[in-house]
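# Structural overview
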Amino acid sequence: MNSGEIARLAGVSVRTLRHYHQVGVLPEPARRANGYREYTVRDLVLLLRIRRLAEVGIPLDEIPPILGAGGRAHAVLDELDRALADQIDRLTARREVIAQLRAAGAAADTPSELAGLLASIGSSGGPDLPPELLKHDREVILLLHHLLDNKGRAELIGLLRQATAPDVLAATTALAARFAALGPDTGDEEIDRLVVDYHLALGQLSVDGWTELDPRTRALLMSYQEMAFNDAQRELLARLANVDQP
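For the structure given in this document, a descriptive report is provided here. Since we're looking at a predicted model, the values are computed, not measured.

## Quick notes on the side chain of Arg239
Secondary-structure assignment places Arg239 in helix H12 (residues 231-244). The buried category is assigned to Arg239, whose relative accessible area is 19%. Polar contacts involving the side chain of Arg239 include one to the side chain of Asp188, which spans 3.4 Å. Engagement of the side chain of Arg239 in a polar contact is seen with the side chain of Glu235, the distance being 2.7 Å. When sequence neighbours within four positions are dropped, the list of residues in contact with Arg239 reads Asp188, Ile191, Asp192 and Val195.

Structural data, given as structure tokens:
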């Protein structure tokens with residue numbers, strides 16, 4: 001048999017056959033006088049065994065010991081089974097995350113624990129928020145979620161749950177709309193009124209245990225604000241931060 005014939009009989013491509021030769025899993029047969037390989041039925045049987053082991057998931061470098069002696073086969077199968085079980089667990093977890101994101105209508109890059117919270121921002125039935133502001137809100141939350149430790153993330157999620165609760169969401173949306181309207185013509189009086197209204201509307205939110213941002217996280221947050229918000233908006237955020245300081 002030539003390369004094409006044995007490959008066809010074994011149900012593999014000639015390219016795969018050559019790859020098996022290159023990696024050493026399938027010994028090259030003797031060649032005819034014209035230089036072409038001459039395969040025998042024993043080569044076909046060996047190729048069928050290699051194909052079967054590869055289909056099961058045995059790595060090619062693990063196949064020669066299995067073909068040579070049966071003692072290693074059980075250990076390899078045990079290792080493969082453990083690896084597949086781990087892979088199934090990971091895939092199952094990923095599917096659960098996908099289900100959570102789909103149920104919340106969240107973007108694919110949203111951490112699953114934030115899915116419902118981010119989806120509820122801007123959906124209070126109040127004033128429509130500019131898409132750019134919603135984008136900035138989402139990016140700030142994602143940035144903090146990534147930079148905070150586990151305790152900080154839990155505290156961040158707790159605050160978001162309070163701020164997006166049905167009895168508070170309309171107020172936070174209205175405040176966000178006023179924040180989005182701040183611009184070059186905004187006077188200090190409007191910023192002062194908005195600071196007061198923020199605290200009147202959200203002052204009842206519990207911030208017990210909120211983690212003080214470390215200098216690096218604070219610097220990155222400030223850098224984002226410099227890029228995303230205008231002078232009046234940054235002034236409001238600065239005043240809110242100063243009032244919140246103990």
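Structure's up, so let's keep going.
## Notes on the environment of Pro166
Relative to the elements of secondary structure, Pro166 occurs in helix H9 (residues 166-181). A relative accessible area of 80% places Pro166 in the exposed class. Each C-alpha atom, one on Pro166 and one on Leu101, is 20 Å from the other, the two residues being 65 residues apart in sequence.

## Points about the nonpolar core
Nonpolar side chains in soluble globular proteins tend to be buried together. Leu114, Leu144, Phe179, Tyr198 and Leu236 are the most contacted members of the largest nonpolar core, which has 29 residues in total. Looking at this core, the elements with two or more residues in it are helix H6 (115-120), helix H7 (131-147), helix H8 (150-163), H9, helix H10 (188-202), helix H11 (215-228) and H12. Among residues more than four places away in sequence, those in contact with Phe179 are Leu133, Leu194, Tyr198, Phe229, Gln233, Leu236 and Leu237. Of all hydrophobic cores here, the second largest spans 19 residues; its members include Leu17, Tyr39, Ile50 and Ile66.

## Some thoughts on helix H1 (residues 3-10)
Taken together, the buried positions of H1 are occupied by Ser3, Ile6, Ala7 and Ala10. The buried side chains of H1 occupy one side of the element, clustering within an arc of 100° when seen end-on. Seen from the buried face of H1, the exposed residues on the opposite side, beyond 90 degrees, are Arg8 and Leu9. Against helix H2 (14-23) and helix H3 (41-56) lie the buried residues of H1. The backbone nitrogen of Gly4 has a side-chain oxygen 3.2 Å away, supplied by the residue at the start of H1, namely Asn2. Trailing H1 by a residue or two, Gly11 shows a phi angle of about 80°, which is positive.

## Examining the pattern of salt bridges
Taken as a whole and assessed by the stated rule, the structure comprises 16 salt bridges. Residues Glu28 and Arg37 are paired through a salt bridge, measuring 3.1 Å at the closest nitrogen-oxygen approach. Taking relative accessible area as the criterion, Glu28 reaches 45% and is therefore assigned partly exposed. The class for Arg37 is buried, based on a relative accessible area of 16%. One salt bridge connects Arg178 with Glu190, and the closest N-O pair in it is separated by 3.6 Å. Taken as a pair, Arg178 in helix H9 and Glu190 in helix H10 lie far apart in primary sequence, twelve residues in all.

## Quick notes on the packing of H7 against H8
Interhelical geometry of H7 versus H8 gives an angle of 150° and a closest axis separation of 8 Å. Accordingly, the angle class assigned to the pair H7 and H8 is roughly antiparallel. Here Ile141, Leu144, His145 and His146 of H7 lie close against H8, whose contacting residues are Arg153, Leu156 and Leu160. The class makeup of the residues in the contact of H7 with H8 is four nonpolar, two polar and one charged.

## Comments concerning the packing of aromatic side chains
Per the stated rule, a full pass over the model turns up two aromatic pairs. Between the aromatic rings of Phe179 and Phe229, the centroid separation amounts to 5.3 Å while the plane-to-plane angle is 85°, which identifies the pairing as edge-to-face. Of this pair, Phe179 sits in helix H9 while Phe229 sits in the loop between H11 and H12; the two residues are 50 residues apart in sequence, bridging distant segments of the chain. Phe179 sits in the buried class, given a relative accessible area of 5%. On the basis of relative accessibility, which here comes to 9%, the residue Phe229 falls in the buried class. The interplanar angle of 75° and the centroid separation of 6.5 Å between the aromatic rings of Tyr224 and Phe229 together place this pair among those described as edge-to-face.

## Describing the environment of Arg31
Looking at the secondary structure, you find Arg31 in the loop between H2 and H3. In this structure Arg31 comes out as partly exposed when scored by relative accessible area, which is 48%. When the C-alpha atoms of Arg31 and Gln87 are compared, they prove to be 43 Å apart, with 56 residues separating the residues in sequence. Those residues within four positions of Arg31 in sequence are excluded, and the remaining contacts are Tyr36, Arg37 and Glu38. Of note is the side chain of Arg31, whose polar atom sits 3.4 Å from the side chain of Glu28. Looking at Arg31, its side chain comes within polar contact range of the main-chain oxygen of Gly35, at 2.6 Å.

Cut-off values and rules
Residues numbered from 1 in each chain as written. Predicted model: local features only at pLDDT ≥ 70, side-chain atom pairs only at ≥ 80, totals over all residues. Heavy atoms only, no water. Helix = DSSP H or I, 4+ residues; strand = E, 2+ residues; numbered from the N terminus. Buried < 20%, exposed > 50% of the residue type's maximum accessible area, 1.4 Å probe, protein only. Polar contact = N/O pair within 3.5 Å; in protein donor to acceptor, adjacent residues only side chain to side chain. Contact = heavy atoms within 4.5 Å. Core = buried A, V, L, I, M, F, W, Y, C linked by side-chain atoms within 4.5 Å. Arc of directions from axis to C-beta. Salt bridge = Lys/Arg side-chain N within 4 Å of Asp/Glu carboxyl O. Axes fitted to C-alpha atoms, helices over the stretch in contact; angles between N-to-C directions. Parallel < 35°, antiparallel > 145°, perpendicular 65-115°, else oblique. Nonpolar A, V, L, I, M, F, W, Y, C, P; charged D, E, K, R; others polar. Phe/Tyr/Trp six-rings, centres within 6.5 Å; stacked < 30°, edge-to-face > 60°.

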